Amino acid sequence: MKHRILSFLFLSLVLLTMIGCSNEENSADGKTDEQIAAIYVQTLGYTIVVHGGETGKYTLEQKRLENLDDMQLWGVQKKEPDAFLGKEIVTYQFIVKDHPLEQQYSPDDYSISVAIMLVDSKVIGGTSGPKSKIKNLVMAGGEYSIEGKTLKEIKDMDYSEWLDYWKQKYGKVTE
C-alpha cells in the first residue's frame with residue numbers, strides 16, 4: 001500500500017512539474033517574450049535605458065500590408081512579411097543608448113527608441129528611430145531598421161522602386 005501511495009505521489013509531482021514547464025506565457029527556456037526581446041537588444045550592443053513594455057499585438061493579415069505605416073515598417077526588415085501572414089506579432093519597445101543613430105541625432109536632444117517584433121517567442125525584426133526629448137515624440141520621416149539602416153540600405157532600392165515592387169506584390173496602398 002505504501003508503495004502505491006509513493007508511486008502516486010511521485011507521478012503527481014512529475015505531472016505537476018511538466019504542467020508548470022509548459023506555461024504558454026514562457027518560451028521553452030522559461031523566458032517571457034519581453035525578456036527575449038531585451039536580450040536581443042543587448043546582443044546588438046545597445047544598453048537598455050527604459051523598458052517600454054508591450055506596444056502592440058496583432059495577427060498579420062494581407063489588409064495590413066496595404067497600410068502605409070505597416071508598409072514602411074516592413075520596408076526596413078530583412079525578411080519579407082509573407083512568412084508571418086496569419087501569425088500573431090507582438091512588439092516590445094525600449095529606449096536605448098550606444099545605438100548607431102546617435103551619430104545622426106544628438107543624445108542631448110534625442111533618445112533612440114527600438115521596437116522588437118516577435119512571433120512564437122522568436123525575434124523576426126524591428127525598427128529604431130529618434131525620439132525627441134523635448135516633444136517626447138518619435139520623429140517623422142520613415143522607419144529605420146533595428147540597426148539604424150534605411151529602406152535603401154536594406155532593400156537596395158530607392159523608395160519609388162520599392163513602392164512599385166510593394167504595390168505589385170501586396171496590392172493597393174491605403175493611408
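Nothing here was measured: the structure is a model prediction, and the numbers come from that model.

Attention now goes to the overall build of the chain. Scanning the chain from N- to C-terminus turns up 5 helices and 5 strands. In sequence order, the secondary structure elements of the chain are arranged as α-α-β-α-β-β-β-β-α-α. In the chain, which comprises 175 residues, the proportion classed as buried is 35%. Long-range pairs, those at least 24 residues apart, make up 63% of the contacts in the chain with a sequence separation of at least 6. For the chain, the accessible surface area stands at approximately 11000 Å², while carbon and sulfur atoms represent 54% of it.

Here we come to the packing of aromatic side chains. If you walk through the whole model with that rule in mind, you get 6 aromatic pairs. Ring pairing ties together the aromatic residues Y159, W162, W166 and Y170, which thus form one cluster. Above the face of the Y58 ring, R64 is positioned so that its terminal group lies 3.6 Å from the ring centre.

This part covers helix α3 (residues 68-75). Within the sequence span of α3, burial applies to D70, M71, L73, W74 and G75. In this fold, the buried residues of α3 make contact with β1 (47-59), β2 (88-97), β3 (110-119), β4 (122-132), α4 (151-155) and α5 (159-170). Where α3 begins, the side chain of N67 points an oxygen toward the backbone nitrogen of D69, at a separation of 2.8 Å.

Take the nonpolar core next. By size, the foremost hydrophobic cluster in this structure holds 18 residues, and its most contacted members are V41, F94, V96, V114 and I116. Within the residue set of this core, elements represented by two or more residues are α2 (33-43), β2 and β3. Filtering out sequence-adjacent residues up to four positions away, V96 remains in contact with V41, Y46, T47, I48, V49, E102, I112 and V114. Counting residues in each nonpolar core, the second largest holds 17 residues, with W74, V76, L151 and L163 among its members.

Turning to the pairing of β3, a few remarks are in order. Summarising burial for β3: 9 of the 10 residues are buried, a large majority. One ladder, built from 7 bridges, connects β2 with β3; its direction is antiparallel. Across the sheet, I95 pairs through a bridge with S113, a residue of β3. In textbook terms, the turn of a hairpin is the stretch between consecutive antiparallel strands, and for β3 and β4 this stretch comprises 2 residues, one of which, D120, has a positive phi near 50°.

Think of two packed helices as two axes; the pair is described by the angle between the axes and how far apart they sit. α5 packs onto α3 with a crossing angle of 110° between their chain directions and a minimal axis gap of 12 Å. When the axis of α3 is compared with that of α5, the two are roughly perpendicular. Viewed along their axes, α3 and α5 form a crossing whose handedness is right-handed. Across the interface between the two elements, L68, M71, Q72, W74 and G75 of α3 pack against Y159, W162, L163 and W166 of α5.

Turning our eyes to something else, we now look at a negative patch on the surface. Residues D156, D158, E161 and D164 make up a contiguous surface patch of negative charge. Here D156 lies in the loop between α4 and α5. The exposure class assigned to D156 is exposed, which follows from its relative accessible area of 67%.

Rules behind the numbers
- Residues numbered from 1 in each chain as written.
- Predicted model: local features only at pLDDT ≥ 70, side-chain atom pairs only at ≥ 80, totals over all residues.
- Heavy atoms only, no water.
- Helix = DSSP H or I, 4+ residues; strand = E, 2+ residues; numbered from the N terminus.
- Buried < 20%, exposed > 50% of the residue type's maximum accessible area, 1.4 Å probe, protein only.
- Contact = heavy atoms within 4.5 Å.
- Areas by Shrake-Rupley, 256 points an atom, 1.4 Å probe, with all protein chains shown as cover.
- Phe/Tyr/Trp six-rings, centres within 6.5 Å; stacked < 30°, edge-to-face > 60°.
- Lys NZ or Arg CZ within 6 Å of the ring centre and 35° of its normal.
- Polar contact = N/O pair within 3.5 Å; in protein donor to acceptor, adjacent residues only side chain to side chain.
- Core = buried A, V, L, I, M, F, W, Y, C linked by side-chain atoms within 4.5 Å.
- Pairing = 2+ DSSP bridges.
- Axes fitted to C-alpha atoms, helices over the stretch in contact; angles between N-to-C directions.
- Parallel < 35°, antiparallel > 145°, perpendicular 65-115°, else oblique.
- Left-handed = near helix turned anticlockwise from the far one by under 90°.
- Patch = residues over 30% accessible without salt bridge, like charges linked within 9 Å, V, L, I, M, F, W, Y side chains within 5 Å.
- Salt bridge = Lys/Arg side-chain N within 4 Å of Asp/Glu carboxyl O.
- Lys, Arg positive; Asp, Glu negative; His and termini not counted.
- Charge placed at Lys NZ, Arg CZ, Asp CG, Glu CD.

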